[in-house]
Amino acid sequence: MPLNNDGIMVILSSPSGAGKTTLVKLLSKRKNFKISISHTTRKPRDSEIQDKDYFFVDESEFKRLVQNEEFLEYAKVFNHLYGTSRSPVISNLQKGKNVIFDIDWQGADQIKNKKLDYKLITFFILPPSKKILFDRLSNRDMKDKLIAEKRMKEFSRDVLHWINYDYVIINDDLESCYKKIESLIDAELNNGPKDYDKDYIRNHIEKLTV
Ligand code: ADP
Ligand code: 5GP
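Here the structure is a predicted model, which is why all the values come from computation and not from measurement.

About the cut-offs
- Residues numbered from 1 in each chain as written.
- Chains lettered and ligands numbered in written order.
- Predicted model: local features only at pLDDT ≥ 70, side-chain atom pairs only at ≥ 80, totals over all residues.
- Heavy atoms only, no water.
- Buried < 20%, exposed > 50% of the residue type's maximum accessible area, 1.4 Å probe, protein only.
- Helix = DSSP H or I, 4+ residues; strand = E, 2+ residues; numbered from the N terminus.
- Arc of directions from axis to C-beta.
- Phe/Tyr/Trp six-rings, centres within 6.5 Å; stacked < 30°, edge-to-face > 60°.
- Near = heavy atom within 4 Å.
- Polar contact = N/O pair within 3.5 Å; in protein donor to acceptor, adjacent residues only side chain to side chain.
- Areas by Shrake-Rupley, 256 points an atom, 1.4 Å probe, with all protein chains shown as cover.
- Nonpolar A, V, L, I, M, F, W, Y, C, P; charged D, E, K, R; others polar.
- Salt bridge = Lys/Arg side-chain N within 4 Å of Asp/Glu carboxyl O.
- Core = buried A, V, L, I, M, F, W, Y, C linked by side-chain atoms within 4.5 Å.
- Contact = heavy atoms within 4.5 Å.

1. Considering helix α4 (residues 105–114)
Thinking step 1. Those residues of α4 that sit buried are Gly107, Ala108 and Ile111. Each buried residue of α4 lies within a common arc of 100° when the element is viewed along its axis, so the set occupies one face.
Thinking step 2. Lys115 sits one or two residues past α4 and shows a positive phi near 45°.

Here you go:
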């Protein structure tokens, strides 16, 4: 039975390249916030470190973990498998640590549907425009422009999932985007007033989806 001093779960999802990994890393610098490190069958990018950014595993190891029911959630994203191990998450929550998840909408749905007794806040991150998203994807995946183009194609589908999240945040200036997320988490934790303009978000989504 979860207790008052248990941690909370914070999920950040977004269309690829909108900046959620960057934001999750910033949030993890806050006292008492820990990133949930996922397993994936994707190959590491040049900048990524094994067991820090992901547990990079092969398909047979991933399937073994699925069979052993070790995942709180898992999903196929862009042809690779990604999953969140249950035990480190629960152990951190029970120790009072807040756990941040960088997972897609399928994983967010699965965790929501589990209705765990820990407080859950979900954020969907959007880019300021499609042009800026393409630039960010192209810079990040420098070696393979095809990846950026493929992920742009998924954008129109992914963006539709915004509706299932508590808050949608536009990642224009990194610092102010981070501050918005931080202040909404604090407002949720302290039952304080929330600075959040739903109409502005709806307008932005209309612009991104025309
Ligand atoms: P995601 O995890 O959503 O796929 P990333 O966090 O990897 O996205 O960000 C994609 C790229 O955009 C990275 O190269 C990152 O450094 C850059 N980036 C993220 N946020 C901003 C921002 N506000 N302004 C400029 N570049 C950003
Ligand atoms: P990337 O390959 O760019 O690191 O991540 C691709 C997508 O997979 C992102 O939307 C990211 O949030 C998602 N993802 C990363 N880890 C997990 C996970 O454990 N579960 C799920 N469902 N999605 C994940």
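2. Structural notes on the packing of aromatic side chains
Thinking step 1. Evaluated as defined, the whole model comprises eight aromatic pairs.
Thinking step 2. Members of the aromatic cluster, connected to one another through ring pairs, are Tyr54, Phe56 and Tyr82.

3. What to know about the site of ligand 2
Thinking step 1. Near ligand 2 you find 16 residues, and of these Ser38, Arg42, Tyr54, Tyr82 and Asp102 are the closest.
Thinking step 2. Arg42 is positioned such that a nitrogen or oxygen atom in its side chain is 2.6 Å from an oxygen atom of ligand 2.
Thinking step 3. Residue Asp102 places a side-chain N or O atom 2.7 Å away from an oxygen atom belonging to ligand 2.
Thinking step 4. Starting from 510 Å² of accessible surface for ligand 2 in isolation, the protein chains cover 97%.
Thinking step 5. Elements that contribute at least two residues to the shell around ligand 2 include exactly β5 (71–77) and β6 (80–85).
Thinking step 6. Of the residues contributing to the shell around ligand 2, the split by class is five nonpolar, four polar and seven charged.

4. Considering the pattern of salt bridges
When the charged atoms of two side chains lie near each other, side chains of opposite charge can form a pair.
Thinking step 1. Counted according to the given criterion, the structure contains eleven salt bridges.
Thinking step 2. Here Glu182 makes a salt bridge to Arg30, at a shortest N to O gap of 3.6 Å. Of the two residues, Glu182 is situated in helix α7 (residues 174–190) and Arg30 in the loop between α1 (20–27) and β2 (33–35); the sequence distance between them amounts to 152 residues.
Thinking step 3. In this structure, Lys131 and Asp135 form a salt bridge, with 2.7 Å as the shortest nitrogen-oxygen distance. Taken together, the residues Lys131 and Asp135, both in helix α5 (residues 130–140) and four residues apart, mark about one turn of the helix.
Thinking step 4. Asp135 sits in the partly exposed class, given a relative accessible area of 31%.
Thinking step 5. Sharing partners across several salt bridges, the network here consists of Arg30, Glu182 and Asp186.

5. Structural notes on the nonpolar core
In globular proteins that are soluble, nonpolar side chains generally tend to be buried together.
Thinking step 1. Counting residues in hydrophobic clusters, the biggest one holds 27 residues, and the most contacted among them are Phe101, Ile111, Leu126 and Val168.
Thinking step 2. Not counting the four nearest positions on each side in its chain, Val168 is found in contact with Phe124, Leu126, Trp162, Tyr196, Ile201 and Ile205.
Thinking step 3. Judged by nonpolar contacts, the second largest core, of 19 residues, contains Leu12, Ala18, Val24 and Ile121.

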